[in-house]
Each structure stands twice: as C-alpha cells, then as structure tokens.
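Structural overview for review
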Amino acid sequence: MAFTRRTTHVAPATAESIAAAAACLRAGGLVAMPTETVYGLAADATSDAAVAGIYAAKGRPTFNPLIAHVLDVAAARRQGAFTPEADKLAEAFWPGPLTLVAPAAPSCRVSLLARAGLDTLAIRVPAHETARALIEAAQTPLVAPSANRSGRVSPTTAAHVLADLEGRVDLILDSGPSRHGLESTIVACLVQGPTLLRPGAIAREAIEGVLQAPLAVRDKATRAPNAPGQLQSHYAPRARVRTEATDVESDEAALDFAGALAESAAAARLDLSPNGDLVEAASNLFAYLRALDETGAPRIAAAPVPHRGLGAAINDRLKRAAASREA
Ligand code: AMP
Ligand code: MG
C-alpha cells in the first residue's frame, strides 16, 4: 500500500504540542498519541482521507476496522446505539481501556472506511490525559489503532513508535511509557448480548462482575474476518516465539515469568514479573518482546503465564506472536 512520506517530529506532550497536534489532525494529518493502553496512531475519524492515511502508514488491511475515541459517554452515544448492557459497561469502565462494539447510530460521523463498511462501530473513551486533551482540542472523534506497522509488536513508548513509523507519521507526542501496555478489551453489545471479541487490559472477570453474568466468547465458526487484533498473526517480533517453554534452547532468548527460566543458560533473559504480578507482566510484555528481538536471537522462548485475569490477554498476544511464521 502506498504511503505518503512525511517528516516525523517528536515532541513531549505539552499544551503547545497538543495544540499543534490538533491542528495537524484537523488538516488530515497523522499523530501518534499516548493512551493508557499502548501508543495509538490518531487521525480524524470523520475524514475518509485521513483514515486512509492510517491504513497506508500502518500497511493495515482495510477490512480491519478501527476504534473511534471520544471524550465521554454522551459523545459515544451520538456515534453508537447502546443497549442497556453497553450503558452499564460504559458507566463502570469509562474512561478506561474497554472498547464497546455497538450498532452505528443514525448520527454516526465515523468514516465508513474506519468501520470497514460495517454497520457497527467500535468505540472507547480513553483515560489518558494527553489523549483526552487531544480529542478535546481536535474537536472530532479520533480513530487510533496501535502506532506500529501492521502485524508487529504494539508500541508502549514514543521510541517504539519512531522505530516503526518514522517518515510515515507527522508527529509523535511523548508522555513516557504506557500504563497498561496491553490493548483495550473489546466487548460487542449487539442483539445477541455482550460478547468478548478481544481479551485486553480489563480482565474478563471484572466485566462479568459488572454484568453479573458470564460473557459469551465469539466462537471461531461465526468469527467475522474483521478484527485486526484477532488475526492469527499479529504482535509479531522478527524472532520466532515458542510459548509455554519450560527450558531455553541455545539459540533462544528467554521471556521469563516469575523466574521459571532463571536457571537456564539463556544469553538474554527478561522477566515479565519476577514476583508473578500479571499487571506488571502486561505492562512489560511488548517492550520486552522488542528488547529480546533487538538482541538478534533467532528465537524467543516464552515461559508459561497463568491464564487468569490479565493473563488471558497476555497469553492471547503471545499466541499470536508465535503464530506469525505459520500464517
Ligand atoms: P486496534 O485498533 O489495532 O487495537 O484494533 C481494533 C480492534 O477493534 C480490532 O480487533 C477490530 O477488529 C476491532 N473492531 C473494530 N471495529 C469493529 C467492529 N465494528 N466489529 C468488531 N470488531 C471491531
Ligand atoms: Mg494493533
């Protein structure tokens, strides 16, 4: 996909740089912005041309719809038609790392290209103050997929964004490392009731606690090919990833959890959380995958991570990173 070559500026997020970023967005530009999940590549969600720029810059397939980011629940309701369950989840988790998929409202202004032609819409109210200030200044919903080349590891620092997208985006706002380090959890609230589409920074158990009911999970047979984070191969470093590793082979770097691989003779070993804390592990996951990749090791052995809580999302990303060379 052809992309426009741009001069990429990097700036700490300040009132001035945010104002410049908003002007850039209003003119159809691309701005990488920090959010509490990972760094996002923002564009005016209502502009087909700006949205097309995102797909081109990321090399992202256009059948993969984007998430619209708005300032509050009232703004979200202008774009999407919320069921009572969606209202409940929005009230409990917004602002925050939960994305809701709802039928597009008649007043929806989000570009059809961003929605991949669907009559539904993915929407979220972010909590990060820079993202919020930028949405407010731009005065338009922003689409903001992760600010990396399609299929690669999501960025949790401005340096990661620069490494992937230099020359492809206009401005990168730097607010330091992302707090969660994992993408938002996506729940569809359509006629068939709340369904988990992507595990993420909010644990399924917390969502079920609010709904007081188990969440359905989209089964593979009915899965539409429209979930980027759901593509088999995604979040992929250059090195091959081997999951559930209980040992480390001579050509492998080790992505450890709670010291399980500490006795191995790995040339490089990074522990997601020496104390076995899943929140800490989530926030380190993408940065450590990148760092181990940079050692030049051809393979990465990833220790088992428990599947409870945020472990579900961590295991989901590791599985997709491992699938990269098979897809
Ligand atoms: P990203 O922005 O890269 O975190 O990915 C956005 C995620 O939202 C992908 O997994 C999309 O498939 C999903 N998504 C966006 N819009 C929709 C929609 N209308 N229906 C289902 N999933 C969606
Ligand atoms: Mg992504």
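Before reading on, note that the structure itself is shown above.
The sections below set out a description of the structure shown in this document. (Residues numbered from 1 in each chain as written. Chains lettered and ligands numbered in written order. Predicted model: local features only at pLDDT ≥ 70, side-chain atom pairs only at ≥ 80, totals over all residues. Heavy atoms only, no water.)

1. Describing the pattern of salt bridges
When the charged atoms of two side chains with opposite charge come close together, those side chains can pair. Under the definition given, this model contains 15 salt bridges. Among the ionic pairs, Asp-170 bridges to Arg-6, the shortest N-O distance being 2.8 Å. With Asp-170 in the loop between α6 (158-165) and β8 (171-174) and Arg-6 in the segment before β1 (9-12), this pair connects stretches of sequence that are 164 residues apart. Between Asp-247 and Arg-242 there is a salt bridge; the shortest N-O distance is 3.2 Å. Accessibility expressed as a relative area gives 40% for Asp-247, which makes it partly exposed. For Arg-242, a relative accessible area of 25% corresponds to the partly exposed category. (Salt bridge = Lys/Arg side-chain N within 4 Å of Asp/Glu carboxyl O. Helix = DSSP H or I, 4+ residues; strand = E, 2+ residues; numbered from the N terminus. Buried < 20%, exposed > 50% of the residue type's maximum accessible area, 1.4 Å probe, protein only.)

2. Comments concerning the nonpolar core
In globular proteins that are soluble, nonpolar side chains generally tend to be buried together. Counting 45 residues, the largest nonpolar core has Phe-82, Leu-89, Trp-94, Leu-98, Leu-100, Val-187 and Ile-207 as its most contacted members. Among the secondary structure elements, those contributing two or more residues to this core are β3 (40-44), α2 (48-58), α3 (73-79), α4 (84-93), β5 (98-103), β6 (120-124), α6 and α7 (204-211). Residue contributions to this core peak at five residues, all from α2. Excluding residues that lie within four positions of it along the chain, Leu-100 makes contacts with Phe-82, Ala-86, Leu-89, Ala-90, Trp-94, Leu-121, Ala-122, Ile-123, Val-187 and Cys-189. Counting 34 residues, the second largest nonpolar core, distinct from the first, contains Leu-182, Ala-201, Ala-268 and Leu-285. (Core = buried A, V, L, I, M, F, W, Y, C linked by side-chain atoms within 4.5 Å. Contact = heavy atoms within 4.5 Å.)

3. Thoughts on α6
Taken together, the buried positions of α6 are occupied by Ala-158, His-160, Val-161, Asp-164 and Leu-165. Here the buried residues of α6 occupy an arc of 155° about the axis, which is enough to place them on one side. The outward face of α6, more than 90 degrees from its buried face, is lined by the exposed residues Ala-159 and Ala-163. On its buried face, α6 sits against β2 (31-33), β3, α2, β8 and α8 (278-294). Note on α6: the residue one or two positions beyond its end, Gly-167, has a positive phi of about 85°. (Arc of directions from axis to C-beta.)

4. Concerning empty space enclosed by the protein
For the structure on display, the rule yields one cavity of 30 Å³ or more. Space inside the largest cavity adds up to approximately 50 Å³. Taken together, Thr-185, Leu-196, Pro-199, Gly-200, Ile-202, Ala-203, Arg-204, Gly-309, Ala-312 and Ala-313 form the lining of the largest cavity. Here the lining of the largest cavity is built from residues that sort into six nonpolar, three polar and one charged. (1 Å grid on protein atoms, 1.4 Å probe; cavity = no way out; pocket = protein on both sides within 12 Å on 5 of 7 lines; lining within 4 Å. Points joined across faces, edges and corners; volume = space filled by probe spheres on them. Nonpolar A, V, L, I, M, F, W, Y, C, P; charged D, E, K, R; others polar.)

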